[in-house]
Every structure is written in C-alpha cells, then in structure tokens.
Amino acid sequence: MASLCYRRHRFPPEIIQHAIWLYLRFTLSYRDVEELLAERGLDISYETVRRWVLKFGPAIARWLRRRRPRPSDRWHLDEMVVRIAGERMYLWRAVDDEGEVLDMLVQRRRDTRAALRPMRKLLKKQGFVPKVVVTDKLRSYACAFQRLRLSCRHEQGLRKNNRAENSHQAVRRRERKLQRFKSTRSAQRLLSMHGVVHNTFNFQRHLISRSTLRTFRAEAAAEWRDAVAAV
C-alpha cells in the first residue's frame, strides 16, 4: 500500500488524524467536527475536514482491515432499505456472531443476482467458507447458495438473524445524521470506512468488566495510532 504524505498541509498530522478519528469514530457531521475543533482553538472549515476524510480515511481503513483477526465461522447476512438521492436502494451487510462487520454492498435490487454479488465478494475477501450462514427468509439467499454450491449450513428465521438486524442501528444513526446519503458511491465509501473503525472500537461493554474495557481501549488506541502512522 502506497503511503500518503501530509506535506503541504497547513495543519500538522496530529490534528488531521484527530479530525478523521472524530468523524469516523462517532456519529458526527463535518460541521460537528468543525465545532469541536473550534472549541480547542482550531479554525478549520468543515469542508477541509471532508477532504481529509476522503483523502486519508480509505488508506487508514485498509490498514485496519488487514490487521483484524479472522472472524468467526458463523456469519449473518441481511439487507436493509436506504434512501439515496431520493431513490430506494438496498444495503447488503454481513457480520459474524460477535458483531464484526465483514462487508457491505449498496445495490438497486433485492433478487438472486443481487444476493450473489455480496456473497461472492465476501467469500473472496475472507478467504474461507463459514460453517453456518444465518439469513432472513428471503428466497434469493437460498437460490444464491445453490448457485455457489456452498456446503455450509443455512439457517433462516426472523429472530435467528437478530445479530444482523441490531448491527443496522449504527448505519441508521449515521444515515439520520447525514440527512440521508447523497450518492451510491459516497454511501459505499463512507460505510466501508465506518464499518472498519466500528470493528476496532466495538468492545461489547455489557459483557466485559471495567478493567478489561480499559485494556481494550488502550489496545484500540494503539492500533489506531499505528494505522495513521502507516499512512
């Protein structure tokens, strides 16, 4: 991966990296980040923050994605409706049973051909076939499984796929904050970056102690510093 250069930027790398972290880590708009930086005495336009995220964000996300541990062998697939430029689209998402976001793809349709694309992309990206795949009762999944000749167990059910349904909440919050996505390309790019950063800082706080949470936070912060230093 070619390294990016912070040269010829008005502000030092630490400020640029902090602005990118604020936007990708929390449900904030570019103007929210501008206000938070202004509180610290930094006069930075929201448009500058946007350019920083678009320039450095994808490279940071790629670095973080390559160093994530292998996901579990139980995957949950689901699709959700999103409005992009007033048009009804479908966001196909895959997570494992621990809430790790595996992949996502924005498409216009919700048929067998549309189900094949994210499944092929997911199998190629992860490099292995899971033992169990859980979906809702959409028939397109079963047809796609037959075409791919997958031997893993396929479970279908409304409540069985709650892991995927709950993972949509972060996307919905981001969608409301942005007052809906403006284009398919920008939605795909933003949600891909957001998913990787979400994986890095997703600790499932209700399942761990306070001391373990502090350890995980320190490890995630170190991983972020390594990522921004690498680009």
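It should be emphasised that the depicted structure is a prediction, and the values quoted were computed from it without experimental measurement.

1. Here's the deal with the sheet that holds strand β3 (residues 101–107)
Read across the sheet, 5 strands follow the order β3-β2-β1-β4-β5 without closing on themselves; strand pairing throughout is mixed. Two strands lie at the open edges of the sheet, namely β3 and β5 (153–156), each paired on one side alone. Along the sheet, successive strands turn relative to each other by an average axial angle of 25°, direction set aside. Across 6 bridges, the pairing between strand β2 (residues 87–96) and β3 is antiparallel. Paired with Leu91 across the strands is Val106, a residue of β3. Lying over the sheet, helix α4 (residues 112–126) contacts β1 (74–84), β2 and β3, oriented at roughly 150° with respect to β3. Against the sheet, helix α6 (residues 162–177) contacts β1 and β2, and its axis sits at roughly 30° relative to β1.

2. Examining the nonpolar core
Membership of the largest hydrophobic core comes to 50 residues, with the highest contact counts inside it found for Ile20 and Ile60. Examining the composition of this core, we find that 9 residues originate from one element, helix α3 (residues 46–66), more than from any other. The residues touching Ile20, leaving out its near neighbours within four places in the chain, are Trp52, Val53, Phe56, Ile60 and Trp224. In terms of nonpolar packing, the next biggest core, distinct from the first, is built from 19 residues, Ala94, Ala114, Leu116 and Tyr141 among them.

3. Regarding the pattern of salt bridges
Under the definition given, this model contains 11 salt bridges. Between Arg110 and Glu79 there is a salt bridge whose closest N-O contact spans 3.0 Å. In this pair, Arg110 sits in the loop between β3 and α4 while Glu79 sits in strand β1, placing the two residues 31 residues apart along the sequence. With a relative accessible area of 8%, Glu79 lands in the buried category. Glu175 is paired through a salt bridge with Arg172; the nearest N and O atoms lie 2.8 Å apart. Linking Glu175 with Arg172, this pair stays in helix α6, spanning 3 residues, or about one helical turn. A relative accessible area of 28% means that Arg172 is categorised as partly exposed.

About the cut-offs
- Residues numbered from 1 in each chain as written.
- Predicted model: local features only at pLDDT ≥ 70, side-chain atom pairs only at ≥ 80, totals over all residues.
- Heavy atoms only, no water.
- Pairing = 2+ DSSP bridges.
- Helix = DSSP H or I, 4+ residues; strand = E, 2+ residues; numbered from the N terminus.
- Axes fitted to C-alpha atoms, helices over the stretch in contact; angles between N-to-C directions.
- Contact = heavy atoms within 4.5 Å.
- Core = buried A, V, L, I, M, F, W, Y, C linked by side-chain atoms within 4.5 Å.
- Buried < 20%, exposed > 50% of the residue type's maximum accessible area, 1.4 Å probe, protein only.
- Salt bridge = Lys/Arg side-chain N within 4 Å of Asp/Glu carboxyl O.

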